[in-house]
Amino acid sequence: MHTIEWQKRGLLHSYILIWLKDSLHVHRVDDFISAEIPNPQEDPDLFCIITKQMVHGPCGSINPRSPSMKDGICTKRYPRHFLKETQTGQDGYPLYRRRSSQHGGFTANINYRGSEVSVDNTWIVPYCHSFTKIFNAHINVEYCSSVKSIKYLCKYVNKESDMTVFEFTSGENELNEIRQYQMGRYISSNEAVWRILNFLIHE
């Protein structure tokens with residue numbers, strides 16, 4: 001199940017739900033989803049993709065003006081805590097394994113605004129090795145293990161299109177509600193082309 005949305009920056013954004021035929025035990029999550037920097041010697045291509053596409057932010061003290069920051073705290077809860085093993089989370093999402101360098105984890109130096117920043121596994125967004133290598137893109141993959149999380153995702157996947165309210169003023173003092181406010185859909189040029197060519201929005 002998927003839906004396409006646009007984030008006012010040109011490129012589309014897809015939300016996809018995949019139901020597995022057989023339930024996935026928490027001990028097998030690491031076979032499909034990782035939140036760690038891969039070994040640069042074993043898989044240099046994946047290492048380059050992850051350090052380029054799947055590092056959150058950075059935010060916090062490195063970049064306090066990051067869009068994810070609110071009242072001095074990252075709304076996406078980064079950097080995360082180190083964990084030796086994946087654990088089942090209380091909100092239906094697992095707490096993924098994030099090993100420190102002392103326990104076999106890797107670090108990487110990334111270029112951020114002209115300066116070199118060292119990042120570790122606490123900054124990595126969960127991903128699937130196969131998807132990331134095939135598409136070479138930012139693909140956040142999460143394992144949903146509770147009805148609560150599935151209900152949230154189904155609601156998110158089926159949410160309505162974005163709307164905007166804007167006002168026209170003419171210099172006259174009279175109050176004309178029709179002229180003062182108009183509801184309108186926000187459609188970018190890419191979304192317009194997508195719809196003109198009849199590409200699927202939901203499936």
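This text follows the structure it describes.
The paragraphs below set out a description of the structure included in this document. The model shown is predicted, which means the values in this text are computed figures rather than measured ones.

1. Looking at the packing of aromatic side chains
Logical step 1: For the structure on display, the rule yields 1 aromatic pair.
Logical step 2: With 5.1 Å between their ring centres and 75° between their planes, Trp194 and Phe199 make a pair best called edge-to-face.
Logical step 3: By relative accessible area, Phe199 is classed as partly exposed at 42%.
Logical step 4: Above the face of the Tyr78 ring, Arg80 is positioned so that its terminal group lies 4.4 Å from the ring centre.

2. Side note on a nonpolar patch on the surface
Logical step 1: A cluster of nonpolar side chains, namely Ile16, Ile18, Leu20, Phe131, Ile134 and Phe135, defines an oily patch on the protein surface of about 660 Å² accessible area.
Logical step 2: Sort the elements by how many residues they give to the nonpolar patch and helix 3 (residues 129-135) lands first, with 3 residues.
Logical step 3: Among the structural elements, Phe135 can be located in helix 3.
Logical step 4: With relative accessibility at 54%, the residue Phe135 sits in the exposed group.

3. Observations regarding the nonpolar core
Logical step 1: Core analysis: the largest hydrophobic core is formed by 19 residues, its most contacted members being Ile37, Ile50, Val55, Val119, Trp123 and Ile124.
Logical step 2: Of all the elements in the fold, those that place two or more residues in this core are helix 2 (44-53), strand 5 (108-112) and strand 6 (115-119).
Logical step 3: Excluding anything up to four places from it in sequence, Val119 contacts Ile37, Val55, Thr107, Ala108 and Ile110.
Logical step 4: Among the nonpolar cores identified, the runner-up in size contains 8 residues, and Ile33, Tyr96, Cys128 and Tyr143 belong to it.

4. As for helix 2
Logical step 1: If you check which residues of helix 2 are buried, you get Leu46, Phe47, Ile49, Ile50 and Thr51.
Logical step 2: Looking at the buried residues of helix 2, the elements they touch are strand 5 and helix 3.

5. Remarks on unusual backbone geometry
Peptide bonds are mostly trans, and most non-glycine residues show a negative phi.
Logical step 1: In this model, Gly57 is joined to Pro58 through a cis peptide bond whose omega is 0°.
Logical step 2: Along the polypeptide, Pro58 turns up in the loop between helix 2 and strand 3 (69-70).
Logical step 3: Of the consecutive residues Tyr78 and Pro79, the connecting peptide bond is found in the cis state with omega at -5°.
Logical step 4: Note on placement: Pro79 falls in the loop between strand 4 (73-74) and strand 5.

6. Quick notes on the state of the cysteines
Logical step 1: Per the counting criterion, the structure on display carries 0 disulfides.
Logical step 2: With no disulfide of its own, Cys74 lies closest to Cys59 among cysteine sulfurs, the gap being 3.6 Å.
Logical step 3: By relative accessible area, which is 7% here, Cys74 ends up buried.

7. Considering the pattern of salt bridges
Logical step 1: Enumeration over the complete set of coordinates arrives at 6 salt bridges.
Logical step 2: Close ionic contact of Arg97 with Asp30 constitutes a salt bridge, the shortest N to O distance being 4.0 Å. One end of the pair, Arg97, is in the loop between strand 4 and strand 5; the other, Asp30, is in helix 1 (residues 29-32), with 67 residues separating them in the sequence.
Logical step 3: Arg97 sits in the partly exposed class, given a relative accessible area of 24%.
Logical step 4: Judged by relative accessible area, Asp30 falls into the partly exposed class, the value being 23%.
Logical step 5: In this structure, Arg195 engages Glu191 in a salt bridge whose closest nitrogen and oxygen atoms are separated by 3.0 Å. In this pair, Arg195 and Glu191 are both assigned in helix 6 (residues 189-196), 4 residues apart and thus about one turn of the helix distant.
Logical step 6: With relative accessibility at 33%, the residue Arg195 sits in the partly exposed group.
Logical step 7: Where salt bridges share partners, they join Asp30, Glu36, Arg97 and Arg99 into one cluster.

Each value, and the rule that gives it
Residues numbered from 1 in each chain as written. Predicted model: local features only at pLDDT ≥ 70, side-chain atom pairs only at ≥ 80, totals over all residues. Heavy atoms only, no water. Phe/Tyr/Trp six-rings, centres within 6.5 Å; stacked < 30°, edge-to-face > 60°. Buried < 20%, exposed > 50% of the residue type's maximum accessible area, 1.4 Å probe, protein only. Lys NZ or Arg CZ within 6 Å of the ring centre and 35° of its normal. Patch = residues over 30% accessible without salt bridge, like charges linked within 9 Å, V, L, I, M, F, W, Y side chains within 5 Å. Areas by Shrake-Rupley, 256 points an atom, 1.4 Å probe, with all protein chains shown as cover. Salt bridge = Lys/Arg side-chain N within 4 Å of Asp/Glu carboxyl O. Helix = DSSP H or I, 4+ residues; strand = E, 2+ residues; numbered from the N terminus. Core = buried A, V, L, I, M, F, W, Y, C linked by side-chain atoms within 4.5 Å. Contact = heavy atoms within 4.5 Å. Disulfide = S-S within 2.5 Å.

So far we have only geometry, and geometry alone does not tell us how the molecule works.
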